[in-house]
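So the chains spell out like this:
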Amino acid sequence: LSRIALIKVQPNEELYCGVESACRKAGISRGLILSSTGSLNDAWLLRPCATGGREEICVSGPGLEIAGLSGEIGFDPNGCGTSVFTGWVTRDDTTVTAGEFVRGRNIVCITYEICVQEWVLPVAQAVR
Amino acid sequence: VQFAAEVVESRMSFAPRILLHPGPKSAERVTTATGSSPGPYRLQVVQGADLCESVSRWISQRGCRSAAFRFLHGNIQSLQIMTGKSDLDRGRVATFHGPHTVSCPALLLGCHGVAGTSESGYRIHAHGVFLDSQGNPRGCHLIPRHCIAGEGGVVVALYPIDYAYFHSLADAETGFDLFVPMRDVSSIDDVT
């Protein structure tokens, strides 16, 4: 059996902070997102740009639904969050935008519900 | 896949928005309950069956209160979804908007959900993205009884959860009924 943390993040809390603080509380130092649903005030996403590197974009809400979010939760040796979340957000007309959620900028609108599975197996350092 | 780039506001510089909700702010900002799962189970929703109802039926038969799941891939023959919309003019930050009918056959690109309990039985909360029959990605909130599997069905990865569950409760802060993680009081051992 593997441990699963059920998490609810309240409105106006930041996405990464909320999930990472819940995982700390549950004693999960590395986790895999199994499923999640929720909404954001506005969505701040990183996307690759044609000229190289990545650009930060904002999709204006409120009430943007997170249509799918994947990623992992982790912490560096100092306890700072290193999680990375990618996914899709949808507007009221059902159109979709995707990217990597920007740390510190994605604020929960109504709720964010997430199930995190603890990652207990050794993590590969590099794979070719 | 083409994204609606024309409605993306690029490189906006203002700080993240904090919005005022109608009810009192709850003291606990993040709620957690820890359980365990023997999953994932691989399920297949057969053609003609509703995705949300199939998940509800399976977890009911298994006898658990909650599950995390992903609809992984498959075809959809009939689909209605809801989206979120600003409701600032009427005192709430946001509300549901729709239903929106998605042109089918549609292709499931990905869908996440959680199943839990409410006063009236099981409740499913699932968000997904689908490619409509015109090739456009569409999302988001699945409406139970209005998301019907198409030819070949839909494959699900489902994690039944023991010792903890989501339960739907009235949230005074937002004015919505929302899932809250709960410890399963019938459990003997604390798995944490």
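Residues numbered from 1 in each chain as written. Chains lettered and ligands numbered in written order. Predicted model: local features only at pLDDT ≥ 70, side-chain atom pairs only at ≥ 80, totals over all residues. Heavy atoms only, no water.

Enquirer: Give me the overall build of chain B: which residues, what numbers.
Expert: Helix and strand counts for chain B stand at one helix and ten strands. Taking the intrachain contacts of chain B between residues at least 6 apart in sequence as the baseline, contacts between residues at least 24 apart amount to 70%. Working note: accessible area of chain B is about 9200 Å², and carbon and sulfur atoms make up 50% of it. (Helix = DSSP H or I, 4+ residues; strand = E, 2+ residues; numbered from the N terminus. Contact = heavy atoms within 4.5 Å. Areas by Shrake-Rupley, 256 points an atom, 1.4 Å probe, with all protein chains shown as cover.)

Enquirer: Outline the pairing of strand 2 (residues 30-37) of chain B, listing residues and values.
Expert: Judged by how many residues are buried, strand 2 of chain B sits mostly within the fold: eight of eight residues are covered. What you see with strand 2 of chain B is no split at all: Val30(B), Thr32(B), Thr34(B) and Ser36(B) on one side and Thr31(B), Ala33(B), Gly35(B) and Ser37(B) on the other are buried throughout. (Buried < 20%, exposed > 50% of the residue type's maximum accessible area, 1.4 Å probe, protein only.)

Enquirer: So what's going on with the pattern of salt bridges? Which residues, and what values?
Expert: Applying the stated criterion to the full structure yields 14 salt bridges over all chains. Glu72(A) serves as the salt-bridge partner of Arg30(A), at 3.1 Å between the closest nitrogen and oxygen. In this pair, Arg30(A) sits in the loop between helix 1 (15-26) and strand 2 (31-40) while Glu72(A) sits in strand 5 (residues 64-73), placing the two residues 42 residues apart along the sequence. The exposure class of Arg30(A) is partly exposed, given its relative accessible area of 26%. Between Asp132(B) and Arg138(B) there is a salt bridge, and its shortest N-O distance comes to 3.3 Å. Three or more residues are tied together by salt bridges with common partners; here these are Glu13(A), Arg29(B) and Glu173(B). (Salt bridge = Lys/Arg side-chain N within 4 Å of Asp/Glu carboxyl O.)

Enquirer: Describe helix 1 (residues 51-62) of chain B, with residues and values.
Expert: Residue and element names in this part refer to chain B. With twelve residues, helix 1 ought to run about 16 Å at 1.5 Å a step, and its terminal C-alpha atoms sit 17 Å apart, in line with that. Residues of helix 1 that are buried: Leu-51, Cys-52, Ser-54, Val-55, Ser-56 and Ile-59. The inward-facing, buried residues of helix 1 contact strand 3 (41-45), strand 4 (66-86), strand 6 (106-118), strand 7 (121-131) and strand 8 (137-161). The backbone nitrogen of Cys-52 has a side-chain oxygen 3.1 Å away, supplied by the residue at the start of helix 1, namely Asp-50. In the stretch just after helix 1, Gly-63 is the one whose phi turns positive, near 90°. (Expected span 1.5 Å × (residues − 1). Polar contact = N/O pair within 3.5 Å; in protein donor to acceptor, adjacent residues only side chain to side chain.)

Enquirer: Any chance you could break down the side chain of Arg47(A) for me, citing the residues and the numbers?
Expert: Residue and element names in this part refer to chain A. Its place among the elements puts Arg-47 in strand 3 (residues 43-48). Here Arg-47 sits buried without a salt bridge, and the closest side chain of opposite charge, Glu-55, lies 4.4 Å off (N-O distance). If we ignore the near neighbours within four places in the chain, the residues touching Arg-47 are Gly-53, Arg-54, Glu-55, Ile-57, Thr-97, Ala-98 and Gly-99. (Lys, Arg positive; Asp, Glu negative; His and termini not counted.)

Enquirer: Break down a nonpolar patch on the surface for me, with residues and values.
Expert: Together, Trp119(A), Val120(A) and Leu121(A) make up an exposed nonpolar region whose accessible area comes to about 340 Å². Within the element layout of this structure, Leu121(A) appears in the segment after strand 8 (108-118). (Patch = residues over 30% accessible without salt bridge, like charges linked within 9 Å, V, L, I, M, F, W, Y side chains within 5 Å.)

Enquirer: Talk me through the side chain of Ser36(A); I want residue IDs and the actual numbers.
Expert: Residues and elements named next belong to chain A. Relative to the elements of secondary structure, Ser-36 occurs in strand 2. The class of Ser-36 is buried, set by a relative accessible area of 0%. Among the polar contacts made by the side chain of Ser-36, one reaches the side chain of Tyr-112 at a distance of 3.0 Å.

Enquirer: Let's hear about helix 1 of chain A: which residues, and what values?
Expert: Taking 1.5 Å per residue as the helical rise, helix 1 of chain A with its twelve residues ought to reach 16 Å, and the 17 Å between its terminal C-alpha atoms agrees with that figure. Residues of helix 1 of chain A that are buried sit in contact with strand 1 (2-9), strand 5, strand 6 (84-90), strand 7 (96-101) and strand 8 of chain A together with strand 2 of chain B. A side-chain oxygen of the first residue of helix 1 of chain A lies 3.0 Å from the backbone nitrogen of Tyr16(A); this N-cap is Glu14(A). Of the residues flanking the end of helix 1 of chain A, it is Gly27(A), one or two places downstream, whose phi is positive at about 75°.

Enquirer: Break down the confidence of the model for chain B for me, with residues and values.
Expert: All names here are of chain B. Scored by pLDDT, chain B comes out at a mean of 89, with 89% of its residues at no less than 70. Here residues 1-12 is modelled with pLDDT under 50, and outside its nearest four sequence neighbours on either side it reaches 27 contacts, counting other chains as well. Counting interchain partners and residues more than four positions distant, the pLDDT-below-50 stretch residues 188-192 has eleven contacts. Taken together, the chains of this predicted complex give a pTM of 0.92 and an interface ipTM of 0.93. (pLDDT = per-residue confidence, 0-100.)

Enquirer: Can you explain the interface of chain B and chain A? Please cite residues and give values.
Expert: Residue-level contacts link 71 residues of chain B with 61 residues of chain A. Interface area lost by chain B to chain A is led by Arg17(B), Arg29(B) and His112(B), which between them contribute 11%. For the interface between chain B and chain A, the tally reads three salt bridges. The interface formed by chain B and chain A contains 28 residue pairs in polar contact (both at pLDDT 80 or more). At nine residues, the largest contribution of residues to the side of chain B that touches chain A is made by strand 4 of chain B. Relative to strand 2 of chain B, strand 1 of chain A runs antiparallel, the two being bridged by eight bridges. Counted as the bridge partner of Arg3(A) is Ser36(B) from strand 2 of chain B. (Buried area = accessible area lost by both parts, 1.4 Å probe. Pairing = 2+ DSSP bridges.)

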